[in-house]
Amino acid sequence: MNKKELLLKQKLEYHYKAFDKSQLMPDPLQFPHRFEMPCDIEISGLISSVLAYGNIKQIINSLERIHKILGASPYDFVMNFNYEKERDLFKDIKHRFYTPDDIAVLFHILHEVYNSYGSLRYLFLMYHFPEDKNLKNSIYFFSKNLLSLSPHTNISRGVKFMFPDPMKGSACKRMNLFLRWMIRKDDLDFGIWEEVQTGKLVIPVDTHIAKICKKLKLTKTKNVSWKMAEEITENLKKFNKRDPVKYDFAICHIGIRKIDF
């Protein structure tokens, strides 16, 4: 590690420690932290990551409204959810280009997952191969299987956007965010999917992360894509091979809060 890389690692470590749980709000991660049971954390985590795009105030507002409907146990809500009878529960909730029906379809998909597989974790692990370089293949199969549980044969643009395909070049920001929450273990992330190595995670890349990582010379790729996410992750492995995405929350909030790195 050269002098510039050592200095960058020191800065990253400083911001990692500075952005701890006390700095959590506003962030979609605040919602799964309301729960203690793994099944509730999983469900709240997936919903919170799926809606994690757009203005942060809008994200928090949409998630507050949805979690109010879910009540004390997202798991109980999902297990008892009937799409045909209860989809109107979300009729007043629209998030960016997610329609109320898109959100209802998401809960139908979750209902099918938990009735057929018992958990999101189990479904993910069915198509997780530890010998893979990273989670690209696992995400592809996970998204494909989730989409297959839609009640509609003609899947809407919004629902497709919920479950992106890394094979088509998507950076899969929201899916990588969800997986970070489930797999990593620290003050912020839950670490309830212990079977998956943290070194397989790929950093969730959005415009904030891309802008800062270009400035830090962690990527030469111009456009936000899976290629950029992999490149940034590989460069972060110079600083922590076993846990390269530990710096994600800090880097993201440096961008959101417009802090000079």
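Up top is the structure these notes are about.
Computed from a predicted structure; not experimentally measured.

## Considering the nonpolar core
Move 1: If you look at the biggest cluster of nonpolar residues, it comprises 84 residues, and the most contacted ones within it are Ile47, Phe107, Leu110, Leu120 and Leu179.
Move 2: With residues near it in sequence (within four places) discarded, Phe107 still touches Ile47, Ile66, Leu70, Phe77, Val78, Phe81 and Phe90.

## Remarks on helix 12 (residues 226-236)
Move 1: Regarding helix 12, the residues found buried are Trp226, Met228, Ala229, Ile232, Thr233, Asn235 and Leu236.
Move 2: The elements touched by buried residues of helix 12 are helix 1 (3-18), helix 8 (136-147), helix 10 (173-183) and helix 11 (207-215).

## A few points about the side chain of Ser138
Move 1: Residue placement: Ser138 occurs in helix 8.
Move 2: Of the polar contacts made by the side chain of Ser138, one reaches the side chain of His128; its length is 3.2 Å.
Move 3: Not counting residues within four places of it along the chain, the set of residues in contact with Ser138 comprises Phe124, Tyr127, His128 and Phe129.

## Concerning unusual backbone geometry
Move 1: In this structure, Pro26 follows Met25 across a cis peptide bond, with omega equal to 0°.
Move 2: Within the secondary structure, Pro26 is located in the loop between helix 1 and helix 2 (38-50).
Move 3: Here the phi dihedral of Arg96 falls at roughly 50°; this positive angle occurs in a residue that is not glycine.
Move 4: Structurally, Arg96 can be placed in the loop between helix 5 (83-86) and helix 6 (100-116).
Move 5: In this structure, Lys217 takes a positive phi of about 65° despite not being glycine.

What counts, and where the lines are drawn
- Residue numbering note: each chain is counted from 1, following its sequence as written.
- Under the rules for a predicted model, residues below a pLDDT of 70 receive no local features and side-chain atom pairs below 80 are neither given nor counted, while totals for whole chains, interfaces and linings still include all residues.
- As a rule here, side-chain values come from all non-hydrogen atoms in the structure, and water together with hydrogens is ignored.
- As used here, the term nonpolar core means buried Ala, Val, Leu, Ile, Met, Phe, Trp, Tyr and Cys residues forming a set that is joined through side-chain atoms within 4.5 Å.
- Summary of the burial criterion: residues with accessible area below 20% of their type's maximum are buried, those above 50% are exposed, and those between are partly exposed, where the area comes from a 1.4 Å probe applied to protein chains only.
- Contact criterion: two residues are considered in contact whenever any of their non-hydrogen atoms come within 4.5 Å of each other.
- Put simply, DSSP marks the helices as runs of H or I at least four residues long and the strands as runs of E at least two long, and each gets a number from the N terminus on.
- As used in this structure description, the phrase polar contact means that two N or O atoms lie within 3.5 Å; if the pair is within protein, one of them must be able to donate a hydrogen and the other to accept it, and residues adjacent in sequence are counted only when both atoms belong to side chains.

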